[in-house]
Amino acid sequence: LLTAIMAPAWAQSLPHFESHDGKHLFVVDGEPYLMLTAQANNSSNYPDMLEKVWPAVHDLGANTLQIPVAWEQVEPEEGRFDFSYLETLIDEARENEIRLVLLWFATWKNTSPNYTPEWVKLDNERFPRLKKKDGTTSYALTPLSRETLEADKRAFVRMMEWLKRNDREQTVIMVQVQNEPGTYSSVRDYSDAAQAVFEDAVPQKLVEHLGVGTGTWPQVFGADGDEFFHAWHIASYIGEIAAAGRAVYDLPMYANAALKDPINDQGPESYASGGPTHNVIGIYKAAAPALDFVSPDIYMRDDLRYTAVLDHYARPDNPLFVSETGNAPDFARYFFDVFGHGAIGFAPFGTDYTGYANYPLGGKEVSPESLQPFAANYSLLAPFAGEWARLAYERQVWGAGRPDDNAPRILDLGPWRATVEFDQWQFGEDEWWGDDVERREPAVNAGILVADLGENAYLVTGYNARVRFDPAEELEGRGFLFASVEEVVWEDGEWRMVRRWNGDQTDYGLNFTDERQILRVRLATYDEN
Ligand code: N0T
């Protein structure tokens, strides 16, 4: 008993992942945790900027902030460390009741070494840049330099040691190691030293993980050999840094990806080759087991590519976290697709009032108004975020944001089918007959989330969409009815019924509007014959 009382809370349960049946749960303070995240802009990692960060985090209604910590700021001179920024950041995060995900900007930040200290980026003898195929020197550092890896790792481990000693309340719950690693404009390092390594056999660990034959990179992987070689070495480099950090303080860690086209062929000379793009997730798994997952940064605006990316990264061996997404209002609807995929988190990028907006990747401005649709969506799940995470892990969840063409979307719930319709009148009409009915303004932010509660009961919530249910195959031919539709609120760890919906609210489908409403529906059939 005494040891239980004396043991610090973190010794009992550091933030960690649990997985079963191909589903994943993020656990913080011993409880399921859903990351409703804000990501700050790139240069907001200084104490004087934080007063422009917290208001935006609160306007978004986030529970978590991703914010950079740069190698150049913690080790400005070799061997001299300064963690005063982290001290201020963590203090203020606690005051604001926001958890932190630190973004370690070091060897790779959007592939470049710009965030490395000057003693690194200006010394290319000691920290070499890679060679392109034509023999010229790339802007990017090579992953094959032991010297660079050791230097980055030393700084990272110092940071993890500092966190372990100073962040006793675990305000920092996760660390992103590097940012969008890879190389633009060169598929790999073509220096003589790299070429010699390239001519070696593919490592046995990778051969076994992927279940492929043995041989050199081109022999085993054909035209993909160059890219896969680069991915293997970058992933190994990041994985070694993550493992060393976790050996001193075991927080969850991940790497994020600048994406390649998720549907059409795209050659690696036109994206960040060697980064955790969807085609090399297996290589990252084999090379970097210290990473809990790799995650997509999604700035594609169309729903086909957006949801294809989600399908690629939500895997039995990879929890889905959308580590960045555009903050333009039309990205807000993807909240429903992301959490419908059982994601552990979502993060609009550039959530602060420092005066920068990354349009046209994201929105033209960052303001309380521009954040409003994202905030509205966060406010749906925030009151029961942990319970949603538990349902996604132990049961099943679905979601559908408004597609570009506004067409209905079907959710296959097993025994039942849910049809989600957008931009319709309250009685399920696309066009209203008769005269003088104003045209509807299609709602930008629209979508539905559904969670299985068991025994033909489902939780349903969302905005600006209608939901109809039908019996699926096994119940085909039977008449449908609601046993009950209850509007509920989450209070003290359980659902409390506010009222029953019936009549106009249910007879033509369930109409979700701009109101924040959560329903618990129980589905039933009757014999029609
Ligand atoms: C993202 C963000 C930040 C010529 C962009 C997306 C963030 C990084 N990168 O605002 O820089 O740190 O992860 C890369 C997309 C590049 C498109 C450039 C087109």
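Here the structure is a predicted model, which means the values were calculated and not measured.

**Q** Explain the domain arrangement of the protein to me, using residue names and the numbers behind them.
**A** What the domain assignment reports for the protein is domain 1 (2-382) and domain 2 (401-526). If you average the C-alpha positions of domain 1 and of domain 2, the two centres end up 36 Å apart. With 19 residues of domain 1 at the interface, the matching set in domain 2 holds 16 residues. For the domain 1 and domain 2 pair, buried surface summed over both sides reaches about 1300 Å², with 57% attributable to carbon and sulfur atoms. By the criterion of area lost to domain 2, the three top residues of domain 1 are Arg-333, Phe-336 and Leu-380, representing 51% of everything that side buries. Counting every contact that joins domain 1 to domain 2 gives two salt bridges. Between Arg-409 and Asp-337 there is a salt bridge, and its shortest N-O distance comes to 2.8 Å.

**Q** I'd love a proper account of the layout of surface pockets, names of residues and values included.
**A** Estimated volume of the largest pocket: approximately 430 Å³. Split into classes, the residues belonging to the lining of the largest pocket amount to nine nonpolar, eight polar and four charged. By volume, the second largest pocket amounts to about 280 Å³. Taken together, 18 residues line the second largest pocket, and the ones lying closest to its centre are Asp-423, Gln-424, Arg-440, Asn-464 and Phe-512. For the lining of the second largest pocket, the class distribution of residues is six nonpolar, six polar and six charged.

**Q** Would you mind going over the site of the ligand in detail, with residue names and values included?
**A** Residues in contact with the ligand, as listed here, are Asn-42, Lys-109, Asn-110, Asn-179, Glu-180, Asp-297, Tyr-299, Glu-324, Phe-349, Asn-358 and Leu-361. Contact between the ligand and Lys-109: an oxygen atom at 3.1 Å from a side-chain N or O atom of the residue. Within the side chain of Asp-297, one N or O atom sits 3.4 Å away from an oxygen atom of the ligand. Expressed as a share of its isolated accessible area of 500 Å², the protein-covered part of the ligand is 61%. Placement of the ligand is best described as lying within the largest pocket. Class assignment for the residues of the shell around the ligand results in three nonpolar, four polar and four charged.

Rules and cut-offs
Residues numbered from 1 in each chain as written. Predicted model: local features only at pLDDT ≥ 70, side-chain atom pairs only at ≥ 80, totals over all residues. Heavy atoms only, no water. Domains from an automatic or database assignment. Contact = heavy atoms within 4.5 Å. Buried area = accessible area lost by both parts, 1.4 Å probe. Salt bridge = Lys/Arg side-chain N within 4 Å of Asp/Glu carboxyl O. 1 Å grid on protein atoms, 1.4 Å probe; cavity = no way out; pocket = protein on both sides within 12 Å on 5 of 7 lines; lining within 4 Å. Points joined across faces, edges and corners; volume = space filled by probe spheres on them. Nonpolar A, V, L, I, M, F, W, Y, C, P; charged D, E, K, R; others polar. Near = heavy atom within 4 Å. Polar contact = N/O pair within 3.5 Å; in protein donor to acceptor, adjacent residues only side chain to side chain. Areas by Shrake-Rupley, 256 points an atom, 1.4 Å probe, with all protein chains shown as cover. Sits in = over half its atoms within 2 Å of the grid points.

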